[in-house]
Every structure is written in structure tokens, then in C-alpha cells.
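Spelled out from the first residue to the last, the chains are:
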Amino acid sequence: MVGVGLIVLVSAVFWFWHQRLRPVVVAVGVDEPVVNGAVIDPSDRNTADLYLEDHPHSRIRLVDHFNPADPARGPASIAALKRRGVALFVSTQASSHAVPSLPQFADGRALAINVASVSNALSGHKDFFLRIVPDLSSEQRAIAREIDRLPGRRLLVLQDTGNRAYTDPAFRAFAAALAPSGRWRIERRELPIARFKVSQDRHLLAGDFDALYILGGGFVPIIGNLSQLFHSLNPQAPILLTPWARSPQVSGSAGPAAARIRVVSPYPSRRQDPRVDAFLRRFERRFGYTPYAMALGTHQALELLDQAVTQGASSPEGVRRHLLSEPEHNTSFGRIRFDAYGDVQAEYHVFNLADDAPVAAR
């Protein structure tokens, strides 16, 4: 009997250590190269590759989760990976894709840490869809506060109709946050930003305004061109962008307007935070280009998953329990604290878009 007990004990220990050492597959979002008006780059996957190069003993192994351009295909793209046994996702889905995909993370068979969706339709659910970016209510209040610090009364808002799951509720939240001052007269004009053409849409920027707020994102470079055209008409007027327009492509297409562009973001600029600058320098040396800002969140999401895995949590339930039970989690770019629903709050940073440029380009 002693021999049998010893065999059982040894087997249990072996199984335990096997579980602690076996690879854990994580899917990282990659946009399919069919997104209207966008310059597709591999920022998120390259960020994940860089993370594993810096952490060679990590148990994480990567697969790609291709985000289809059509939001209706988003749930199927996740379900296909779940059928292959993938249970952990670093989700880069925008709100238009994440809202219809939410049921994929309701049954405990998969967990996502999302770095890109701020729709408040995703807030307050006890599911397996966690976010490390605050929802749009917090985001729009921060943008409204910054605009209310500016001089003037006439505000042009260009709202992107290409992602209404984000921009419609975002505009309502923004207008409500700005209303108490009673100073600003908002003129909202709608357009599908990715399909903007100067020849036919120039009139949308016409008028005498004290500031411009471009309510859109997706890192679409044409936002820089819109900013430049507005700047030519109102050269002294500040231009406000959402966190989702913070990218080198937007800055590069803004021309002289870049000096007037301000970004409100949950992540500081590289000039404001040496940790951000050090990461971007390492990335630029390794891959030869500057990633868009969402890469910071992707890095944090991988850190959080790796911390959970190191503590022995590799299932969706185990990872969720670890992330929601700890008061705070340290990451390379600051602390993250989830509420009971897997949502977060954050401090917002305001800076000139040029502050994100590589040092040599300043």
C-alpha cells in the first residue's frame, strides 16, 4: 500500500509541475489588411513578439486572431479559435466589433483582455471580457474638461460614422460633460472619415471656429489630413483628438497642423514618461518603425496574463479570479486595478501629438 501511495503522490506532483510548465496559448489581435483608409501595421503582434523576446521563460505561446473588417464577422473569428482550443485573448477589437462579440466571452470557455473598446455597452457585465482602457464616459469627460480650458465659444465636432458603436454614445457623453459650462456652441458634422475626399467633403470643415474636435479613431491617417485642412482655415485654433487617433501615421499626415493638435490619452506621451520612451525606443530599434499607442495596452495585457500564468492560473476562470481578486497589478506603464466587472478607471494625460515623435524627429 505504501508503494501505491508513493506512486500516486509522485504522479500527482508530476502532473502538477507538468501543468505549471506546459505552454499557454494566447491569441493576439491582428487587423486584416482590408480596413478602409487605414495603414495596417503589425504593431500588436510585434509588441507580443518583443514581450516574449524580453521574457524567454514565459509559458505564453502566440497565435494570431485576425480581426475581420466586417464587424458581423467578429464573433465567428473568435469562435473559430475557441474550437481550436484557444482560451485566452489579447483583444484589439474596436467597439463596433467587440459589442457583437461579447457573447463569445460569456460562458467561461474564453477570456479576453481588451485594449481598444471603450463602448459603455461593454461595461458592468460579469463575464470574461476585461478591459484595461476606461469606457467612453470617462474618456469623453476628460476630453470635455480639456476643451473647456480653451478660450473661445465655437466648436466644430467632426464625428466619424464608420464606428457608430463608439462615436454615437461618445458624442452624447461629450456633449453632456461640456454642457454645464454653457459657453460652447457645438456644431456637429458627420462623415465616414476613412472615405473623406477633399474634392467633395471640404465644405464639412468650412467656417470660423475656435477649436476642432475629431471624434474618431482607428489610427486612420486621413485624420491628419483633416487636421491640416482645418488648420489652413483656422490657423490659431487648437485641434483635439481621441486616444484612438494617436499614431505616427496621423502625426505624419498632419503637416503644420501637428503643432496645434492635442491628444487626450490614458497613456502619457514618450516625452512625459521615460518608461514609455524606453519601450518605444526598444521597439523602434527592433522593428524599424514606431508603433501606434495601442501597443502599450497590448504589452500590459500580456504582462497581466503572464503574471496570472506564473501564479498557476491558465484557464479563463483561473485568470479571471486572479485578476479580479488582487487589489492592484503592476505593469511596465503603471498600475491597473479592475473592478468587480473587469472594468478600469485611469488618469488621462494631455499632450501635443508631436511629443510622441522619436527624439531624432523633434
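Details of the structure are given in the entry above.
Worth saying up front: this structure is predicted, and the values here are computed from it rather than measured. (Residues numbered from 1 in each chain as written. Predicted model: local features only at pLDDT ≥ 70, side-chain atom pairs only at ≥ 80, totals over all residues. Heavy atoms only, no water.)

S.K.: When you look at the overall build of the protein chain in this model, what are you seeing that I'm missing?
M.R.: Summing up its helical and strand segments, the protein chain has 12 helices and 13 strands in all. Taken over the C-alpha trace, the protein chain has a radius of gyration of 22 Å; the compact-globule value for 362 residues is 21 Å, and the two agree within 12%. Overall size of the protein chain, expressed as C-alpha extent along the three principal axes, is 90 × 40 × 35 Å. For the protein chain, with 362 residues in total, the buried portion stands at 54%. Intrachain contacts of the protein chain at a sequence separation of at least 6 include 69% that bridge at least 24 residues. Summed over all atoms, the accessible surface of the protein chain reaches about 15800 Å², with 55% contributed by carbon and sulfur. Here the protein chain carries 41 positive and 35 negative side-chain charges, and the mean point of each set is 0 Å from the other. (Helix = DSSP H or I, 4+ residues; strand = E, 2+ residues; numbered from the N terminus. Rg over C-alpha atoms; globule rule 2.2 N^0.38 Å. Buried < 20%, exposed > 50% of the residue type's maximum accessible area, 1.4 Å probe, protein only. Contact = heavy atoms within 4.5 Å. Areas by Shrake-Rupley, 256 points an atom, 1.4 Å probe, with all protein chains shown as cover. Lys, Arg positive; Asp, Glu negative; His and termini not counted. Charge placed at Lys NZ, Arg CZ, Asp CG, Glu CD.)

S.K.: Hey, could you run me through the packing of aromatic side chains in this one?
M.R.: Given two aromatic rings, their pairing is described by the distance between the two centres and the angle made by the two planes. What the rule picks out here adds up to seven aromatic pairs. Ring centres of Phe174 and Tyr213 lie 4.9 Å apart, and the angle between their planes is 50 degrees; this geometry places the pair in the tilted category. With a gap of 39 residues between them, Phe174 in helix H6 (residues 164–178) and Tyr213 in strand S8 (residues 211–215) connect regions that are remote in the sequence. For the pair shown, Phe174 and Tyr213 are each scored as buried. Where Phe283 meets Phe287, the ring centres are 4.9 Å apart and the plane angle is 50 degrees; that geometry is what we call tilted. (Phe/Tyr/Trp six-rings, centres within 6.5 Å; stacked < 30°, edge-to-face > 60°.)

S.K.: How should empty space enclosed by the protein be read in this particular structure?
M.R.: Here the idea is plain: a probe the size of a water molecule rolls over the atoms and shows the empty space left. With the rule as written, the count across this model stands at two cavities of 30 Å³ or more. Its boundaries defined by the atoms lining it, the largest cavity holds a volume of some 60 Å³. Lining the largest cavity are Val115, Val133, Phe219, Pro243, Trp244, Ser265, Pro266, Tyr267, Ala293 and Met294. In terms of residue class, the lining of the largest cavity is made up of nine nonpolar, one polar and no charged. (1 Å grid on protein atoms, 1.4 Å probe; cavity = no way out; pocket = protein on both sides within 12 Å on 5 of 7 lines; lining within 4 Å. Points joined across faces, edges and corners; volume = space filled by probe spheres on them. Nonpolar A, V, L, I, M, F, W, Y, C, P; charged D, E, K, R; others polar.)

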